[in-house]
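What follows is each chain in one-letter form.
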Amino acid sequence: FHFGEAAQEWAEAGDGLVVRTENEDGEVSEFGAEKCMVAVGRSPVTDTLNLDAIDLEPDENGFLATDDRARTDADGVFAVGDVAGEPMLAHTASAEGEVAAEVIAGEPAALDQQAIPAAVFTDPEIGTVGMTQSEAEEAGFDPLVGEFPLRANGRALTLGEDEGFVRVVADADSEFLLGAQVVAPEASELIGELALAVEMGAQLADVAGTVHTHPTLSEAVREACANALGEAVHTLNR
């Protein structure tokens, strides 16, 4: 990984190719590779909507500001999905659509952005929800962190995939879960339990005290919460 660099161009070189990058200081680097994947990201398509007709103005990047009920600054106009900005995830767009429909129907619906999970389908997978330790600190919390390594999880060992961990972040005073990060096989599945915990305002003891099936990867979630409390059995406590 090379951060802070923007790809400028690429050229064929023998059986592979060379990618040239430039950083903020104008320094140019070259990287040889067999293949190059172009990931241009996503951008909102709002410039064709004639928003001036309803006095609705997007920001400088084309996004429409919304509240937790998917309402824009224009009365009766809702925005969901990528046009509403980050997090630009399919399940977020779906949830925003449901909230918008319920609000339009007069129901007291709202979306808690803090409890929206995300996953990266790499090997091993990565799952996240809520705050990291540094984000919790920036928000004014005194974070309490617990972690459990996959190499101490029986199911991970039988699968031969023991690289990774489950990390939880909680508020030290109240012990309410603020977020979690998972690097593990099926992390996209494991993060669901932690998203529920953040959404419902669960405390570390709620998850640590819940019996999980053995042997399963989900036991690592329980052990991470126990570790934050200094009560883990299968790893050293912090």
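All residue numbers refer to position in the chain's written sequence, counted from 1. Residues qualify for local features only when their pLDDT is at least 70, as the model is predicted, and side-chain atom pairs are given and counted only at 80 or more; totals for whole chains, interfaces and linings, by contrast, use all residues. Computation of side-chain values: all heavy atoms of the structure, hydrogens and water removed.

1. Things to note about the overall build of the chain
Move 1: Within the chain, the regular secondary structure consists of 6 helices and 8 strands.
Move 2: Per the convention used, a helix needs a DSSP run of H or I reaching at least four residues, while a strand needs a run of E reaching at least two, with both numbered from the N terminus. For the chain, the N- to C-terminal ordering of α and β elements is β-β-β-α-β-β-α-β-α-β-β-α-α-α.
Move 3: Viewed in the frame of its principal axes, the chain has a C-alpha envelope of about 65 × 60 × 30 Å.
Move 4: Taken over 238 residues, the chain has a buried fraction of 34%.
Move 5: Residue contacts are defined here by distance: any two heavy atoms, one from each residue, within 4.5 Å place the two residues in contact. Pairs at least 24 apart in sequence give 44% of the contacts found in the chain among residues at least 6 apart.
Move 6: Of the roughly 14500 Å² of accessible surface on the chain, 49% is carried by carbon and sulfur atoms. Burial here depends on accessible area, computed with a 1.4 Å probe over protein chains only, as a share of the maximum for the residue type. Under 20% is buried, over 50% is exposed, and the range in between is partly exposed. Where accessible areas are quoted, they stem from the Shrake-Rupley method and a 1.4 Å probe; at the residue level, only the protein chains shown are allowed to cover.

2. Re the sheet that holds strand E1 (residues 5–13)
Move 1: We treat two strands as partners when DSSP finds at least two bridges between them. Spatially, E1-E2-E3 is the arrangement adopted by the 3 strands of the open sheet, whose pairing is antiparallel. Only two strands of the sheet have a single partner each, and these edge strands are E1 and strand E3 (28–33). Going across the sheet, the axis of each strand differs from the next one's by a mean of 25°, ignoring polarity.
Move 2: Here strand E2 (residues 16–23) pairs with E3 via 6 bridges, running antiparallel. Structural elements are reduced to axes, namely lines fitted to C-alpha atoms, with helices fitted over the stretch in contact, and the angle between N-to-C directions of any two is expressed from 0 to 180 degrees.

3. Some remarks on the layout of surface pockets
Move 1: Here the largest pocket is characterised by a volume of approximately 260 Å³.
Move 2: Lining residues are defined by having an atom within 4 Å of a point belonging to a cavity or pocket. Those points lie on a 1 Å grid over the protein atoms alone, cavities being sets where a 1.4 Å probe fits but cannot get out and pockets being open sets with protein on both sides within 12 Å along at least five of seven lines. Taken together, Phe-1, Phe-3, Ala-7, Gln-8, Glu-9, Trp-10, Val-19, Cys-36, Met-37, Val-38 and Ala-39 form the lining of the largest pocket.
Move 3: Sort the elements by how many residues they give to the lining of the largest pocket and E1 lands first, with 4 residues.
Move 4: Any residue outside Ala, Val, Leu, Ile, Met, Phe, Trp, Tyr, Cys, Pro, Asp, Glu, Lys and Arg is labelled polar, Gly included; the first ten of those are nonpolar and the last four are charged. Taken together, the residues of the lining of the largest pocket sort by class into 9 nonpolar, 1 polar and 1 charged. Grid points are joined across faces, edges and corners, and a volume is the space filled by probe spheres set on the points.

4. A word on the pattern of salt bridges
Move 1: Within this document, salt bridges are pairs made up of a side-chain nitrogen of Lys or Arg and a carboxyl oxygen of Asp or Glu, the two lying within 4 Å of each other. The final tally for this structure, using the stated rule, is 4 salt bridges.
Move 2: For Arg-20, the salt bridge identified is with Glu-9, shortest N-O distance 3.7 Å. Of this pair, Arg-20 sits in strand E2 while Glu-9 sits in strand E1; the two residues are 11 residues apart in sequence, bridging distant segments of the chain.
Move 3: Among the residues examined, Arg-20 registers a relative accessible area of 25% and is labelled partly exposed.
Move 4: Residue classification places Glu-9 among the partly exposed positions, given a relative accessible area of 45%.

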